[in-house]
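Fold and geometry: a report
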Amino acid sequence: MKTCEIEEIIESLPKGRTKYFYYKDKYAVDLLSYVLEDASVAQIKKSRFSGLLRKPIVGECISSLGTSRLRSDDLEDVWSEQVEPYLLTLGKWGRDRHGARGYYQTTTADANLVLQLNFSNLHNAAYKRYVGEGERSPFAFYGHPIAPAPNHTLAWARIDLNLDSNEALIEEVQTDWIRKASAQMRFYKDRESDLSPVERGQLIYLEHYLSPHVTLWREAILSAAIWFLYREIGISKIFYHSYESGCRLKRIVDSLPPR
């Protein structure tokens, strides 16, 4: 995408931060709601979406309906007792220059729209209490497309889209926060008896307040990217690189990205 196109999309969408709630396997509920108008469970079982019906939260919804029909409206009220709130923001990554392609790891010689999945104030309050609120977080990498302060970015998706062809390519989903935090927790656990008060506070944060996001972030950011493209932008053809094809098309040989 050209930088001007990215800036136009950012300017055309509602300003401020968009709330996004996620729970385990919510992607199954979302995907079914996108493709269903009015289909029987038997029809869905014969389709490529049949695996989504095996998710417990979808099965509970079907059981409660008392009918063999499943509509998108039936999925609107599906919820979970364990829900994590997030905030979505938009940014830009890359430059409109062929020579920058290798550095920015983009498929084309253009820039990417970035969808950022940020922690909510619920997380940030615990983070501030046990880690602190300095200018730079120990779990953020500022050379990547994270949202500016006061946001703390859990993960992001880099996107290349074409409104004329109604197509989008999700270049990658990635997190620095979980990767760096996981390494820090392993280091603290190996020397737990010798930790300073500051380090003990960080360990409390890592073990008790970050842990739910460790297992959710992959589902949450990819589901948020699909929701954003389908609901907000109106794109229905969405592609995603395999790890091998992504590295090859971007001509990445050294310093491979996380799988």
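Per chain, residues are indexed from 1 in the order of the written sequence. Side-chain atom pairs in this predicted model are given and counted only at pLDDT of 80 or more, local residue features only at pLDDT of at least 70, and totals for whole chains, interfaces and linings cover all residues. Where side-chain values are given, they derive from all heavy atoms of the structure, hydrogens and water being excluded.

Examining the side chain of Glu 172
Threshold: Numbering goes from the N terminus for both helices and strands, where a helix is a DSSP run of H or I of at least four residues and a strand is a run of E of at least two. For the purposes of these results, a polar contact is taken to be a pair of N or O atoms within 3.5 Å, where, inside protein, one atom must be able to donate a hydrogen and its partner to accept one; residues adjacent in sequence count only when each atom of the pair is a side-chain atom. Between two residues, a contact is recorded if the distance between any of their heavy atoms is within 4.5 Å.
Residue placement: Glu 172 occurs in strand S7 (residues 167–174). Among the polar contacts made by the side chain of Glu 172, one reaches the side chain of Arg 158 at a distance of 3.0 Å. The residues touching Glu 172, leaving out its near neighbours within four places in the chain, are Trp 156, Ala 157, Arg 158 and Tyr 240.

Structural notes on the packing of aromatic side chains
Heads up, the rule is: Working definition: rings of Phe, Tyr and Trp (its six-membered ring) pair if their centres are within 6.5 Å, and the pair is stacked with planes under 30 degrees apart, edge-to-face with planes over 60 apart, and tilted otherwise. Exposure is judged per residue with a 1.4 Å probe applied to protein chains only, and the accessible area is read against the type maximum: over 50% gives exposed, under 20% gives buried, and values in between give partly exposed.
Under the defined criterion, the tally for this structure stands at 14 aromatic pairs. For the pair Tyr 130 and Tyr 209, a centre-to-centre distance of 5.5 Å together with 25° between the ring planes defines the contact as stacked. Here Tyr 130, found in helix H6 (residues 121–130), pairs with Tyr 209, found in helix H8 (residues 197–209); they are 79 residues apart in sequence, far enough to count as distant. The class for Tyr 209 is partly exposed, based on a relative accessible area of 36%. One aromatic cluster is present, built from ring pairs that chain together Tyr 20, Phe 21, Tyr 22, Tyr 23, Trp 79 and Trp 227.

So, the pattern of salt bridges
We apply this condition: One speaks of a salt bridge when a side-chain nitrogen belonging to Lys or Arg is within 4 Å of a carboxyl oxygen belonging to Asp or Glu.
Using the criterion set out here, one finds 11 salt bridges in the structure. Among the salt bridges present, the one from Glu 219 reaches Lys 24, with a minimum N-O distance of 2.8 Å. Here Glu 219, found in helix H9 (residues 211–233), pairs with Lys 24, found in the loop between strand S1 (18–22) and helix H2 (26–35); they are 195 residues apart in sequence, far enough to count as distant. The class of Glu 219 is buried, set by a relative accessible area of 15%. With its nearest N and O atoms 3.4 Å apart, the salt bridge here joins Lys 189 to Glu 192. By sharing partners, the salt bridges in this structure join Lys 189, Glu 192 and Glu 207 into a single network.

Focus on the nonpolar core
Note the following rule: Side-chain atoms within 4.5 Å link the members of a nonpolar core, which is a set of buried Ala, Val, Leu, Ile, Met, Phe, Trp, Tyr and Cys residues.
By size, the foremost hydrophobic cluster in this structure holds 49 residues, and its most contacted members are Ile 159, Leu 161 and Tyr 205. Top contributing element to this core by residue count: H9, with 8 residues. If you look at the next biggest cluster of nonpolar residues, it comprises 18 residues, including Tyr 23, Ile 57, Cys 61 and Ile 62.

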